[in-house]
Amino acid sequence: MQYVDAHGARIPALGFGVFRMSDAEVDAVVPAALEAGFRHFDTAQIYENEAALGRALALAGAQRDGLFLTTKVWVSNYSETRFAASVEESLEKLGTDHVDLLLAHWPGDQVPVAKQVDWLNEVHASGKARFIGVSNYNRGQLRQAIAASAAPIVTNQVEMHPYLDQSALAALAAETGTALTAYYGMADGAVPRDAVIGRIAAAHGKTAAQVGLRWLIQQGHIALSKTARPGRVAENFDIFDFTLSDDDMAAISGLARADGRLVDPAGLAPDWTA
Ligand SMILES: NC(=O)c1ccc[n+]([C@@H]2O[C@H](COP(=O)([O-])OP(=O)(O)OC[C@H]3O[C@@H](n4cnc5c(N)ncnc54)[C@H](OP(=O)(O)O)[C@@H]3O)[C@@H](O)[C@H]2O)c1
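Residues numbered from 1 in each chain as written. Predicted model: local features only at pLDDT ≥ 70, side-chain atom pairs only at ≥ 80, totals over all residues. Heavy atoms only, no water.

Overview of the pairing of strand β6 (residues 99-104)
Step number 1: Within β6, six of the six residues are buried, which leaves the element mostly enclosed by the surrounding structure.
Step number 2: Relative to β6, strand β5 (residues 68-73) is paired through four bridges, and the arrangement is parallel. Across the sheet, Lys72 pairs through a bridge with Leu103, a residue of β6.
Step number 3: The parallel pair β5 and β6, bridged by helix α3 (residues 83-94), forms a crossover whose chirality is right-handed.
Step number 4: Across five bridges, the pairing between β6 and strand β7 (residues 129-135) is parallel. Bridging across to β7, Val99 finds its partner in Ala129.
Step number 5: Between the parallel elements β6 and β7, the chain passes through helix α4 (residues 113-125) in a crossover that is right-handed. (Buried < 20%, exposed > 50% of the residue type's maximum accessible area, 1.4 Å probe, protein only. Helix = DSSP H or I, 4+ residues; strand = E, 2+ residues; numbered from the N terminus. Pairing = 2+ DSSP bridges. Right-handed = clockwise from strand over helix to strand, strands pointing away.)

Right, here's the structure in full:
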């Protein structure tokens, strides 16, 4: 496993995400993920599978201190009364007394960034989150969050895949020492079917899915991989034994399109150009 170091956090560069997975799918796939070597698991309050993830990890005998666990606070819990209380509920469901990383899931348009950051810091100070970060923040919001936060903002988790140019956000992340965590790395299943990526993959004896994940971690980002199919888990983990050339990297980056963004929910998403 490779790690990404950000402000004292040592984050496994490849994580396993459980978005859009039923409890039964989580039960079935998590043992395979552990077996393949995944130790970084990413869930969220809104996925409604924190309890299933906690149970599956415990049943598989995973050692808590060998895991890197992330959850995200949903926007409906962005209030004085609900933020910390909702994290308590998440910990209860996950069967742990702390997460490794706690994120504010979306900036939204209701609650100022400074408040979201205050509440993240409160949880951090209580020891219930080793590290804190944000998700789906634009550049302006990331700068604001960093300026407002007592504890470092170790990551911004955002949509990242070959069809979306995130170079401006990546430049700010590099400047501020913030890790970028890539979600939708497979572009919701399009990367494994891509002809250009498929040709590059064939030359390396790899699959397009593996090349998509490798392209992310080779840029120094953290990649989240999700599959509900235990048979695909080992494939998605096996990305550390080859290197994409500069030409490969450029060809994949060249797939970016103006309309490449897939996730842009009204009321949650910010102005991505700001
Ligand atoms: N912060 C946020 O707002 C946010 C938003 C979205 C996602 N996330 C996180 O990022 C993680 C990944 O995102 P995602 O799951 O939504 O999207 P994704 O990784 O872009 O796509 C997953 C899709 O790719 C398919 N797939 C996976 N491995 C494959 C392989 N080897 N060959 C062919 N197809 C493959 C999966 O199908 P099968 O399951 O059938 O294999 C699934 O349809 C999530 O689980 C979550 O933890 C965060």
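Some words on the UniProt feature "domain: NADP-dependent oxidoreductase" (unreviewed entry) in the protein chain
Step number 1: As annotated in UniProt, the feature "domain: NADP-dependent oxidoreductase" (unreviewed entry) corresponds to residues 20-255 in the numbering used here.
Step number 2: Note that residues 20-255 is 45% helix and 16% strand, and that its end C-alpha atoms are spaced 26 Å apart. (UniProt positions renumbered as here; feature names shortened; annotations may be inferred.)

Brief notes about the pattern of salt bridges
Close approach of charged atoms allows side chains with opposite charge to pair.
Step number 1: The full count for this structure, using the stated rule, is 13 salt bridges.
Step number 2: A salt bridge links Asp118 to Lys115, with the shortest nitrogen-to-oxygen separation between them at 3.8 Å. Of the two residues, Asp118 and Lys115 are both situated in helix α4; the distance of three residues between them amounts to about one turn of the helix.
Step number 3: In this structure Asp118 comes out as partly exposed when scored by relative accessible area, which is 35%.
Step number 4: A relative accessible area of 27% means that Lys115 is categorised as partly exposed.
Step number 5: Residue Arg257 pairs with Asp259 through a salt bridge whose shortest N-O separation is 3.1 Å.
Step number 6: The exposure class of Arg257 is partly exposed, given its relative accessible area of 44%.
Step number 7: Of the residues examined, Asp259 reaches a relative accessible area of 57% and is grouped as exposed.
Step number 8: Overlapping salt bridges bring together Arg64, Asp100 and Arg130 as one network. (Salt bridge = Lys/Arg side-chain N within 4 Å of Asp/Glu carboxyl O.)

A short note on the sheet that holds strand β9 (residues 179-183)
Hydrogen bonding along the main chain pairs the strands of a sheet, whether they run parallel or antiparallel.
Step number 1: Around the barrel, eight strands lie side by side as β3-β4-β5-β6-β7-β8-β9-β10; this closed barrel has parallel pairing. Neighbour to neighbour, the strand axes of the sheet diverge by 30° on average, direction disregarded.
Step number 2: Sitting on the sheet, α3 touches β5 and β6, and the angle it makes with β5 is about 140°. (Axes fitted to C-alpha atoms, helices over the stretch in contact; angles between N-to-C directions. Contact = heavy atoms within 4.5 Å.)

Points about the packing of aromatic side chains
Step number 1: Counted under the stated rule, the structure contains nine aromatic pairs.
Step number 2: Relative to Phe237, the ring of Phe38 has its centre 5.0 Å away and its plane inclined at 65°; by these criteria the two rings are edge-to-face. Linking Phe38 in the loop between α1 (23-36) and β4 (40-42) with Phe237 in helix α9 (residues 230-237), this pair joins segments that are 199 residues apart in sequence. The same class applies to Phe38 and to Phe237, which are both buried.
Step number 3: Pairwise contacts between aromatic rings join Phe16, Phe38, Phe41, Phe237 and Phe240 into one cluster.
Step number 4: Here Arg10 stacks its cationic end above the ring of Tyr3, 3.9 Å away from the centre of that ring.
Step number 5: The side chain of Arg261 reaches across the aromatic face of Trp272, ending 3.9 Å from its centre. (Phe/Tyr/Trp six-rings, centres within 6.5 Å; stacked < 30°, edge-to-face > 60°. Lys NZ or Arg CZ within 6 Å of the ring centre and 35° of its normal.)

Digging into the site of the ligand
Step number 1: Around the ligand sit 29 residues, and of these Asp42, Lys226, Thr227, Ala228 and Arg232 come closest.
Step number 2: Side-chain polar atom of Asp42 to an oxygen atom of the ligand: 2.7 Å apart, as the coordinates give it.
Step number 3: Residue Gln157 places a side-chain N or O atom 3.0 Å away from a nitrogen atom belonging to the ligand.
Step number 4: Across the complex, the protein chains shield 91% of the 900 Å² of accessible surface that the ligand would expose by itself.
Step number 5: Here the element with the most residues in the shell around the ligand is α9; it accounts for three residues.
Step number 6: Among the residues making up the shell around the ligand, the classes are represented as 12 nonpolar, nine polar and eight charged. (Near = heavy atom within 4 Å. Polar contact = N/O pair within 3.5 Å; in protein donor to acceptor, adjacent residues only side chain to side chain. Areas by Shrake-Rupley, 256 points an atom, 1.4 Å probe, with all protein chains shown as cover. Nonpolar A, V, L, I, M, F, W, Y, C, P; charged D, E, K, R; others polar.)

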